Amino acid sequence: MKSLESLVFAKTSLDAALAAIDCGFWPVPISAKDADGKRPIGDNWRRCWTPSEIKSEFTSGNADAVGLILGPGPENPIIDIDLDSDRAIDAMRSLFGDSPEYTLGFRTSRGCHWLYQWDDRLQVINSAVKHWPPDKGVAEQIEIRLGCGKSAQTLIPPSWHNWYTRRIVTGK
């Protein structure tokens, strides 16, 4: 398995998808042209795509962005902590301090995403997405994107959404 360096320095979404395979993740081709700009291609997208399938979707013009499958399945399974506001970042810091150790992080138009290694103990949650704290409004919540064997993915750099290119930030 390659280091995350190849994923971090990918120049195109196709390069990022191929690097993700080398890192043990399951990338999924995304059509940013559709209404929400985050829709995976095909009905059976939660699976291990081969490099030739990925290349085909990008070279045909069907795909123009890439996501990573969340939860169990891949050799290197991950979860995504989605922080869409400064208040959500503050809630995360209240739980884990100023510098939680994450695998990879990136900025979005509204905030940031931190990717963490999947832990099998999370399976008991049995939900693709959870919000915390439950008594706060969405803008103040941490969105914990687990997958848990259900269909969940996160759009990764250098993909773009709503005219904002996602940018990698360094993890520990």
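Residues numbered from 1 in each chain as written. Predicted model: local features only at pLDDT ≥ 70, side-chain atom pairs only at ≥ 80, totals over all residues. Heavy atoms only, no water.

S.K.: Mind showing me how you'd approach the environment of Lys55 here?
M.R.: If you trace the backbone, Lys55 turns up in helix 3 (residues 51–59). For Lys55, a relative accessible area of 41% puts it in the partly exposed group. Taking the C-alpha atoms as reference, Lys55 lies 9.4 Å from Asp15; in sequence the two are 40 residues apart. Every residue in contact with Lys55, bar those within four places of it in the chain, is listed here: Leu14 and Leu18. (Helix = DSSP H or I, 4+ residues; strand = E, 2+ residues; numbered from the N terminus. Buried < 20%, exposed > 50% of the residue type's maximum accessible area, 1.4 Å probe, protein only. Contact = heavy atoms within 4.5 Å.)

S.K.: Looking at this model, I keep getting lost on the sheet that holds strand 2 (residues 39–40). Mind explaining?
M.R.: Two pairing modes exist for strands in a sheet, parallel and antiparallel, and in both the strands are linked by backbone hydrogen bonds. Pairing is antiparallel across the open sheet formed by 4 strands, whose spatial order is 2-1-3-9. Edge strands, defined here as strands with exactly one partner in the open sheet, are strand 2 and strand 9 (153–155). Here strand 1 (residues 27–31) pairs with strand 3 (residues 65–69) via 4 bridges, running antiparallel. When the bridges of strand 3 are listed, Pro27 appears paired with Leu68. Of the strands in this sheet, strand 1 and strand 3 touch helix 3, which is tilted by about 15° from strand 1. (Pairing = 2+ DSSP bridges. Axes fitted to C-alpha atoms, helices over the stretch in contact; angles between N-to-C directions.)

S.K.: I keep staring at the pattern of salt bridges and nothing clicks. Help me out?
M.R.: Where side chains of opposite charge bring their charged atoms close, a pairing between them can arise. One pass over the full model with this rule turns up 4 salt bridges. A salt bridge links Asp80 to Arg145; the nearest nitrogen and oxygen atoms lie 4.0 Å apart. Taken together, the residues span a long stretch of sequence, with Asp80 in strand 4 (residues 78–83) and Arg145 in strand 8 (residues 142–145) at a distance of 65 residues. Judged on exposure class, the residue Asp80 and its partner Arg145 are both buried. Where salt bridges share partners, they join Asp80, Glu143 and Arg145 into one cluster. (Salt bridge = Lys/Arg side-chain N within 4 Å of Asp/Glu carboxyl O.)

S.K.: Got a minute to help me understand the pairing of strand 4 in this structure?
M.R.: If a strand is regular, its side chains alternate between the two faces of the sheet. Burial analysis of strand 4 places 6 of its 6 residues in the buried class, which makes it a mostly covered element. Both strand 4 and strand 6 (residues 112–117) contribute to a ladder of 6 bridges, which runs antiparallel. Each bridged residue has a counterpart across the sheet, and for Ile78 the counterpart in strand 6 is Gln117. By the bridge criterion, 3 bridges tie strand 4 to strand 8 in an arrangement that is antiparallel. Directly across from Ile81, in strand 8, lies its bridge partner Ile144.

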